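# Descriptive structure summary
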Amino acid sequence: METKLSTKEQFAIGLMLFALFFGAGNMIFPPALGQAAGENVWIAVAGFLITGVGLPLLAVSAIARTGSDLQTLASRAHPLFGIIFTIVMYLAIGPLFAIPRTGTVSYEIGITPFLSEELKSSNMPLAVYTIVYFALNLWLSINPSKLVDRIGKLLTPLLLAGLFVLITKSIVTPMGEFQAPTDAYAQSPFFKGFIDGYLTMDTIAALVFGIIVINSIKDKGVSNNKAISRICIRAGIIAVAGLAFIYVSLAYMGASSPEAIGYKDNGGAIVTAAAYHLFGTAGNVILGAIITLACLTTSVGLLSSCASYFSKLTPSISYKTYAIIMSVFSTAIANVGLTNLIKISVPVLIVIYPLAIVLVALSFLHEKFNGRSEVYSGALLATGIVSIFDGLNNAGIDVNNVLIIFGKFLPFFSHGIGWLVPAIIGAIAGWIVSKIRGAKSETAINKVS
């Protein structure tokens, strides 16, 4: 008899997914958007929610529909691409960049404000903190079957409680009026918000976290693929609904903050100053707890996902061994410093993010073109050409001549989504090639007959 999950159990899985998504980046980007967008904040937030909430939900749904993992989805283009793309994705949002960054961000926002100037200039506090942080991260990740209980039922409520206190205070006692929009938010707030939603990187994370949700459902005795897919999508809806509420609230906090705290260079500085303005020193304590929990829940999910994937790829090395290796490696990388980590990671993410979006989009049209691999290959190849040059440009490599050509011929290039039309053209070209190949194969079969 097929096991069914109660509403309470499904809600716990949704809370787990929300906590896995909600990292430090999700906490600091919306306030920065709000402060810069000012009076245009709601238009900008609308664009932000499409890429910061809508796309992650589609990504979770895509994994749920396949009933498997990212590699299975990516292999629809080609098995070799499936392996290479998946490895790059896991390394990028795993031990190379995202996992170490959670430790560094939680240290800088949650711990640094309470240190003396002498300790701030020393490397020792960061080293000690990251050792403790990743040891706890490893303990939470070492048994994946406990993730729902440890995150969905324990850490998430604590995280939400801290956020609720901070957000409620900012709404009940507003810090000031919305100001005039700045920079790109004055000309095209919707598209600027749309691109800013990329910064959460949750579409990529959703492709990775999807398998955690599927396994959590299976661990509770559900084996029917359609039931797993339905529960997975419901969990995704719960998670993104929570994200949407938090994003809108934090954007409001940022938009109402300039009169009280002035304009800040980044979202972390905005949230820190706002917390102090609203609660004094207690505000920094609340914020530190929120950031630490947000980073921890995300890093636990990333570590568990990465260790699960690589242990499956190389069965001779166990999940536990990979978890330990990645925790130690992440501890070392975290001590490189946040600025260097971001500088290195951004070009890589700029290359792979559009590919992830196109892959998710095609997964929903899979039946329409009969899953022809040429359609996937054509769309991903065209997308990759544009995104690779964008990545090279962000890495400081001179590719201006190519970018000038892109700017002249590619619609939306100036808005940061120049890959969109090439992806569509590539998909159409791939479909035409598949039809030609199919016709030739049919002719060859008829001749043999």
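Everything below is about the structure printed above this text.
Residues numbered from 1 in each chain as written. Predicted model: local features only at pLDDT ≥ 70, side-chain atom pairs only at ≥ 80, totals over all residues. Heavy atoms only, no water.

## Focus on the pattern of salt bridges
Our working rule: Take a side-chain nitrogen of Lys or Arg and a carboxyl oxygen of Asp or Glu: if they are within 4 Å of each other, that pair is a salt bridge. Counting from the N terminus, the helices are the DSSP runs of H or I reaching at least four residues and the strands are the DSSP runs of E reaching at least two. Whether a residue is buried, partly exposed or exposed follows from its accessible area with a 1.4 Å probe, protein chains only, as a fraction of its type maximum: under 20%, in between, or over 50%, in that order.
Following the criterion strictly, the structure yields two salt bridges and no others. The salt bridge partner of K192 is D196, with a shortest N-O separation of 3.6 Å. Remark: D196 and K192 occur in helix α11 (residues 189–196); sequence separation between them is four residues, near one turn of the helix. Taking relative accessible area as the criterion, K192 reaches 30% and is therefore assigned partly exposed. Between E374 and R437 there is a salt bridge whose closest N-O contact spans 3.2 Å. On the criterion of sequence distance, the pair formed by E374 in helix α19 (residues 373–394) and R437 in helix α21 (residues 420–448) is long-range, its members being 63 residues apart.

## Let's talk about the packing of helix α16 (residues 281–313) against helix α17 (residues 319–334)
For the record, the criterion: Axis definition: a line fit to C-alpha positions, over the contact stretch in the case of helices; interaxial angles, taken between N-to-C directions, run 0 to 180 degrees. Angular relationships are summarised with four words: roughly parallel below 35 degrees, roughly antiparallel beyond 145, roughly perpendicular across 65 to 115, and oblique for the angles in between. By convention the crossing between two helices is left-handed if the near helix lies anticlockwise of the far one by an angle smaller than a right angle, and right-handed if it lies clockwise. We call two residues in contact whenever any of their non-hydrogen atoms come within 4.5 Å of each other. The nonpolar class holds Ala, Val, Leu, Ile, Met, Phe, Trp, Tyr, Cys and Pro. Asp, Glu, Lys and Arg form the charged class, and all remaining residues, Gly among them, are polar.
Their axes nearest at 8 Å, the elements α16 and α17 cross at an angle of 130°. What the angle tells us is that α16 and α17 run oblique. Along this stretch, α16 crosses α17, giving a crossing that reads as right-handed. Residues L303, S304, C306, A307, S308, F310 and S311 of α16 form the contact with α17, whose participating residues are Y319, Y322, A323, M326 and S327. For the contact of α16 with α17, the class distribution of residues is eight nonpolar, four polar and no charged.

## So, helix α5 (residues 79–92)
Keep this limit in mind: In this analysis, the expected span of each helix is defined as 1.5 Å times one less than the number of residues it contains. Summarising the geometry, the arc corresponds to the directions from the helix axis toward the C-beta atoms.
Taking 1.5 Å of rise per residue, the 14 residues of α5 would be expected to cover 20 Å, and the 20 Å separating its terminal C-alpha atoms lies within 8% of that figure. All buried positions along α5 are accounted for by G82, F85, T86, M89, Y90 and A92. Taken down its axis, α5 places every buried residue within 160° of arc, on the same side.

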